[in-house]
Amino acid sequence: MNQEQYLKRGIEIVKTLTSFTYQAYLVGGVVRDYLMNNEFNDIDIATNATPEQIRELFPTVKMEYAHLGFVTLKEDGVTFEISTFREEVYDKPRKPSKIYYANNLIDDVKRRDFTINALALTDKYQVVDLVKGQKDIKRRKVRIIGKGKIRFREDPLRILRAYNLVARFNFRLAGKTEFAIKKTNKYLKDISNYQISRELYKIFN
């Protein structure tokens, strides 16, 4: 399955969900890469359908991570991750203590990391931009969603992911995002060496 077919199939999955009156969108990196004419390696779909409701429409989905709010669908050698709109509460880094299903896209967008990763695409290829991600793509900036000190404390690995985006696209950190990283980079000690090494490998490549 080539990139065009992969994207088309993702849109078809979204159409199936919306035809049953659910909200559904392509979300995240695939939308960013679609707008930037870059290749993408995975497709994420967000919906207000629960994992059980998704399985009713797509019986072959894998329910291994349904307790975390998402399922995976594999077809012709490619994977689609279909997640339910959700909100997360953190007590410890990287591990949400509570996950709540949300009813709308905006609540789901607020939990995502950077504006350029929080774009959504409808089944009619219309972009839904609730955090000015398209503006940041044009300005070539990496900007955290919400208050940086809180978001980087929730998941310090976001610090390295910010630099990964900078390196990958030759972007710059937004001023407040860079300041927040300087204030929170001490929390990288809470991340395992394996996770840090994996992100650094991506950056160096």
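Below you will find a few notes about this structure. All values derive from a computational prediction rather than experimental measurement.

### Section: the packing of helix α7 (residues 157–169) against helix α9 (residues 193–204)
Where α7 meets α9, the closest approach of the two axes is 9 Å, and the angle between their N-to-C directions is 10°. When the axes of α7 and α9 are compared, the pair comes out roughly parallel. Residues L157, L160, R161, Y163, N164 and A167 of α7 touch α9, and the partners they reach there are Q195, I196, E199, L200, K202 and I203.

### Let's talk about the environment of E52
Topologically, E52 is positioned in helix α3 (residues 51–57). In this structure E52 comes out as partly exposed when scored by relative accessible area, which is 42%. For the pair E52 and A66, spaced 14 residues apart in the sequence, the C-alpha separation amounts to 8.2 Å.

### Focus: the pattern of salt bridges
Using the criterion set out here, one finds 15 salt bridges in the structure. When the shortest N-O distance is used, the salt bridge between R143 and D136 registers 3.1 Å. On the basis of relative accessibility, which here comes to 2%, the residue D136 falls in the buried class. Through salt bridges that share partners, D155, R161, E199 and K202 make up one connected network.

### Topic: the pairing of strand β1 (residues 24–27)
Burial along β1 is two-sided: the face carrying A24 and L26 and the face carrying Y25 and V27 are both buried. Sheet topology note: the β1/strand β2 (residues 43–47) ladder contains 4 bridges and is antiparallel. Within the sheet, the bridge partner assigned to Y25 lies in β2 and is A46.

### Some thoughts on the packing of aromatic side chains
Taken as a whole and assessed by the stated rule, the structure comprises 7 aromatic pairs. With 5.8 Å between their ring centres and 40° between their planes, Y6 and F40 make a pair best called tilted. Of the two residues, Y6 sits in helix α1 (residues 3–19) while F40 sits in the loop between α2 (29–35) and β2, which places them 34 residues apart along the sequence. You can call F40 buried: its relative accessible area is 7%. Ring plane angle 40° and centroid distance 6.2 Å describe the contact between Y34 and Y125, whose orientation is recorded as tilted. Taken together, the positions of Y34 in helix α2 and Y125 in the loop between β7 (120–121) and β8 (127–128) put the pair 91 residues apart, joining distant regions of the chain. According to the relative accessible area criterion, Y34 is partly exposed, its value standing at 31%.

What counts as what
Sequence positions are assigned chain by chain, starting from 1 and proceeding in written order. Owing to the predicted nature of the model, reporting of local features is limited to residues with pLDDT of at least 70; listing and counting of side-chain atom pairs is limited to 80 or more, with chain, interface and lining totals taken over all residues. Where side-chain values are given, they derive from all heavy atoms of the structure, hydrogens and water being excluded. Here an angle of 0 to 180 degrees is reported between the N-to-C directions of two axes, which are lines fitted to C-alpha atoms, with helices fitted over the stretch in contact. Secondary structure elements follow DSSP: runs of H or I of four or more residues count as helices, runs of E of two or more count as strands, with numbering from the N terminus. An angle below 35 degrees is treated as roughly parallel, one above 145 as roughly antiparallel, one from 65 to 115 as roughly perpendicular, and anything else as oblique. Any two residues whose heavy atoms approach within 4.5 Å are treated as being in contact. Accessible area is worked out with a 1.4 Å probe on protein chains only. A residue is then buried under 20% of its type maximum, exposed over 50%, and partly exposed in between. Salt bridge criterion: a side-chain nitrogen from Lys or Arg within 4 Å of a carboxyl oxygen from Asp or Glu. When DSSP locates at least two bridges between a pair of strands, those strands are taken to pair. Two aromatic rings from Phe, Tyr or Trp, using only the six-membered ring of Trp, form a pair when their centres are within 6.5 Å; if the ring planes differ by under 30 degrees the pair is stacked, by over 60 it is edge-to-face, and anything between is tilted.

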